[in-house]
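Survey of secondary and tertiary structure
Next come the chains, spelled out residue by residue.
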Protein chains: 2
Amino acid sequence: MKRKITLKQIAKELDVSVSTVSKALSGSKEISEDTTQKIQAFAKLYNYRPNNIALSLKNRKTKTIGILIPEIVHHFFSTVIRGIERVANRRGYNVIVGLSNESFTKEVINMELLAGGSIDGFILSISKETLLKQDYHHFNATIDQGMPIVMFDRVVAEVDCDKVIVDDMKGAVKAVKKLIENDCKNIALITTMDYVSVGRLRTQGYLQALQENEIEAEPNLILKIDDSLDVENHLEILENEIETFFRMNKNIDGVFAVNELYAVTAMKVARKLGLNIPDDIQVIGFTDGVLSKHATPSLTTVSQHGQKIGEQSANLLIDRLEAEDAEQDSYIVNTDRKKDFIKMVIETEIIERESTKSKIYLEE
Amino acid sequence: MKRKITLKQIAKELDVSVSTVSKALSGSKEISEDTTQKIQAFAKLYNYRPNNIALSLKNRKTKTIGILIPEIVHHFFSTVIRGIERVANRRGYNVIVGLSNESFTKEVINMELLAGGSIDGFILSISKETLLKQDYHHFNATIDQGMPIVMFDRVVAEVDCDKVIVDDMKGAVKAVKKLIENDCKNIALITTMDYVSVGRLRTQGYLQALQENEIEAEPNLILKIDDSLDVENHLEILENEIETFFRMNKNIDGVFAVNELYAVTAMKVARKLGLNIPDDIQVIGFTDGVLSKHATPSLTTVSQHGQKIGEQSANLLIDRLEAEDAEQDSYIVNTDRKKDFIKMVIETEIIERESTKSKIYLEE
DNA sequence: TGTCAACACGAAAACGTTTTCGCTAGGAAT
DNA sequence: ATTCCTAGCGAAAACGTTTTCGTGTTGACA
């Protein structure tokens, strides 16, 4: 197999020194035009590409950022990656992706692997298992070794770093308020067990919206799904749970679900029970993915703007990386830097579609 | 900012040589137990992690593979990545992802960037623009520099490398045959313009299935959508096209669509026109994604097994990488190696759901 | 003719490893 | 007492760059 051509080989071939080749290729004024031309031509001919690895070793930076997410077959995380990739590329960085599959062990292993020099910083979202264990030593160890981290969506107070989050609670409040405005009297909540922070926050938002409108929360109207099992492959279980839930609470006229899947499944079950959407029952979901857009009827959702989250995360990380660079040139060292971490909140937005009643006629 | 601790620093601190530290940490028998213990304890205390970059430079391999895909917010590509990541991790490799966004330029730039030493090999799927331009020099240049490539799904004969493809044509044949068996007399095809190979192949499959059953293909029953525009954001256009298509061909009783989106949109339109699925019209799509599973009625699809494609691709690539290693130790050099590239075909499978009639009663 | 600047280039260090080889000291064997 | 082996460690090269600091050869100028 052919090896990539190196400076040394070019140097030997053209009978000059490595330094000369390096300078010629970077267009240094030090080298005569003759030599420069000759070297550049030769390099082009042999398709020379500098070895990033060697550069990384020298510069102590790799110009790549590591992403660590729980799952990639997931619309929200995909859009976040796309956002990260956008600004990373624009700012001259590459992106390397690790998957934890919601497992604590895989998260730790992946971090150790990537932290071992391959990347300059992390952008990550914590796995469910880690949230359950509440063991965050690997994050703190990485930060201690001077590698900055930005967390998004699933964050945790125990780790000191920049964070980008969705205003889950506010988003839920907005959604439920919309249902209330649309004359729903008995609003159900379909949520998960609360060990993942986002589920808890959205539940809180639901409760708060009710409280603000002086509606008493009815425990019967809250359905908690155990999402530790792989829902995608146990769709019937989910459907059955929702069906009995609906049967036991025939008065439900509005549903707020903490994710797309629960929402469209709720719609499916409702229709199976002969209910019309949105006339008999209105539904709002969370996460604006493909399901919401293409379901029939299309689903009104709380959009989290995943791409924006990714973009902001990347900007935060790269800003910090480049601030570090500047710091080395500067005499003033801000020892308090560790304390001014940023927590950025991305506003949610309600995308109105067919699963809720349009109130346009009221606004005339 | 704290820098990562290096062998040299440990050596200085413990007043031994760098070599000793290196050997002690790798558990070499050469070093006395005393020293080994002391060094290992110190290393653990300071959380020493070897610098992969330095290792990569020395070993001339990075143990990471580069993925280059047109789009990440796409169920099929996500599952492929998951598959790649699975076997890569199992076999000790990392995964770095680049996105071309269907753009030729971004594809070239990304390849140059990654090929510059960051990775040992590529797994990629060609962007639409590249397929249109038919300019494949960047692939061949990369291969010439000794970096192996595996292409999946969107492949091209002009590049000599391992390939993993879906039997698109056969899958389409199966789907259409199923419609024929289910007594459909006028089967429509909703497809794309054919510059992307997969669209063409699926169209061919449609035609072949008809021919094999001695049904004459009716040009009116083929709808070609211009997918150069971003369909996700021009949903109404798609719906309108399909609606007029249906209105002009009221005899349609079966639809084969080359992707999920077209299929569910067709179902949506059909229902809007008062048609019942699957009684009046049966629908089969391609690609088994979330839409198919959660649409109402759920969609019968041709599954491509994206994860399997990813796993096979990764295995092919890593096999080749490790064969290269072995080659260097061997005296026999197979100069014909370049010619025995593998083209692996992943079988499709029809997932039957509610959008086609069940024929169980016939099989009794 | 001697001095000096400018020009064109080379040598070497540095980044963090691993690995090969060599060296020293001590004990065993002769 | 001399030789030899071996355990335990260090020196140095190598991977591919960039960059700093020489160094030698011009030519011009005094």
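Residues numbered from 1 in each chain as written. Chains lettered and ligands numbered in written order. Predicted model: local features only at pLDDT ≥ 70, side-chain atom pairs only at ≥ 80, totals over all residues. Heavy atoms only, no water.

**A look at the protein's contact with DNA strand C**
The immediate surroundings of DNA strand C are formed by 27 residues, with Thr20, Lys23, Glu30 and Thr35 of chain A together with Ser22 of chain B found nearest. Backbone atoms, meaning sugar and phosphate, form 59% of the atoms of DNA strand C found within 4 Å of the protein. Serine 19 of chain A places a side-chain nitrogen or oxygen 3.1 Å from a base nitrogen of DNA strand C. Within the side chain of threonine 35 of chain A, a nitrogen or oxygen atom sits 2.7 Å from a phosphate oxygen of DNA strand C. Within the residue set of the surface near DNA strand C, elements represented by two or more residues are helix H2 (18-25) and helix H4 (52-59) of chain A together with helix H1 (7-14), helix H2 (18-25) and helix H4 (52-59) of chain B. (Near = heavy atom within 4 Å. Polar contact = N/O pair within 3.5 Å; in protein donor to acceptor, adjacent residues only side chain to side chain. Helix = DSSP H or I, 4+ residues; strand = E, 2+ residues; numbered from the N terminus.)

**Describing the protein's contact with DNA strand D**
Ser22 of chain A together with Thr20, Lys23, Glu30 and Ser32 of chain B are the nearest of the 27 residues found near DNA strand D. Within 4 Å of the protein, the atoms of DNA strand D are drawn from sugar and phosphate moieties in a proportion of 57%. One of the side-chain nitrogen or oxygen atoms of tyrosine 48 of chain A is found 2.9 Å away from a phosphate oxygen of DNA strand D. Measuring from a phosphate oxygen of DNA strand D, one finds a backbone N or O atom of asparagine 51 of chain A at 3.4 Å. For the surface near DNA strand D, the secondary-structure elements that each account for two or more residues are helix H1 (7-14), H2 and H4 of chain A together with H2 and H4 of chain B. Of the residues forming the surface near DNA strand D, the biggest block, four residues, is contributed by H2 of chain A.

**Regarding the domain arrangement of chain A**
Considered domain by domain, chain A is made up of domain 1 (7-50), domain 2 (60-165 + 306-345) and domain 3 (168-304 + 350-357). Computed from C-alpha atoms alone, the centre-to-centre distance between domain 1 of chain A and domain 2 of chain A is 39 Å. (Domains from an automatic or database assignment.)

**Quick word on the sheet that holds strand S6 (residues 187-192) of chain A**
Residue and element names in this part refer to chain A. Read from one edge of the open sheet, six strands run S7-S6-S8-S9-S10-S12, paired in mixed fashion. Both edges of this open sheet fall to strand S7 (222-225) and strand S12 (349-351), since each of them pairs with a single strand only. Strand-to-strand twist in this sheet, taken as the mean axis angle between neighbours without regard to direction, amounts to 20 degrees. Both S6 and strand S8 (residues 254-257) contribute to a ladder of four bridges, which runs parallel. What sits directly across from alanine 188, in S8, is valine 255. (Pairing = 2+ DSSP bridges. Axes fitted to C-alpha atoms, helices over the stretch in contact; angles between N-to-C directions.)

**Quick word on the relation of the copies chain A and chain B**
Rotating chain A by 180 degrees and moving it 0.0 Å along the rotation axis overlays it on chain B with an RMSD of 0.1 Å. Interpreted geometrically, this transformation is the action of a two-fold axis. Using C-alpha coordinates, one finds that chain A approaches the rotation axis most closely at isoleucine 96 of chain A, a distance of 2.1 Å. Looking at the interface residues of chain A, 100% of them are also at the interface in chain B, so both copies use one shared face. (Least-squares fit on C-alpha atoms with pLDDT ≥ 70 in both. Contact = heavy atoms within 4.5 Å.)

**Some words on the sheet that holds strand S10 (residues 300-303) of chain B**
Residues and elements named next belong to chain B. Within the open sheet, the six strands sit side by side as S7-S6-S8-S9-S10-S12. Their pairing is mixed. Two strands bound the open sheet, and with one partner strand each, they are strand S7 (222-225) and strand S12 (349-351). Strand after strand, the sheet turns through a mean of 20 degrees between neighbouring axes, direction not considered. In this structure, strand S6 (residues 187-192) lies alongside S7, joined through four bridges in parallel fashion. Paired with leucine 189 across the strands is isoleucine 222, a residue of S7. Relative to strand S9 (residues 282-286), helix H9 (residues 168-181) is tilted by about 170 degrees, and along the sheet it contacts S6, strand S8 (254-257), S9, S10 and S12.

**Side note on the packing of aromatic side chains**
Applying the stated rule across the entire model yields 12 aromatic pairs over all chains. Here tyrosine 136 of chain B and phenylalanine 139 of chain B contribute two aromatic rings whose centre-to-centre distance is 6.4 Å and whose plane-to-plane angle is 20 degrees, an arrangement assigned as stacked. This pair shows no difference in class: tyrosine 136 of chain B is buried, exactly as phenylalanine 139 of chain B is. By way of ring pairs, the aromatic residues Phe76, Phe77 and Phe152 of chain A are connected into one cluster. Above the plane of the ring of phenylalanine 286 of chain A lies arginine 202 of chain A, whose end atom (NZ or CZ) is 3.8 Å from the centre. (Phe/Tyr/Trp six-rings, centres within 6.5 Å; stacked < 30°, edge-to-face > 60°. Buried < 20%, exposed > 50% of the residue type's maximum accessible area, 1.4 Å probe, protein only. Lys NZ or Arg CZ within 6 Å of the ring centre and 35° of its normal.)

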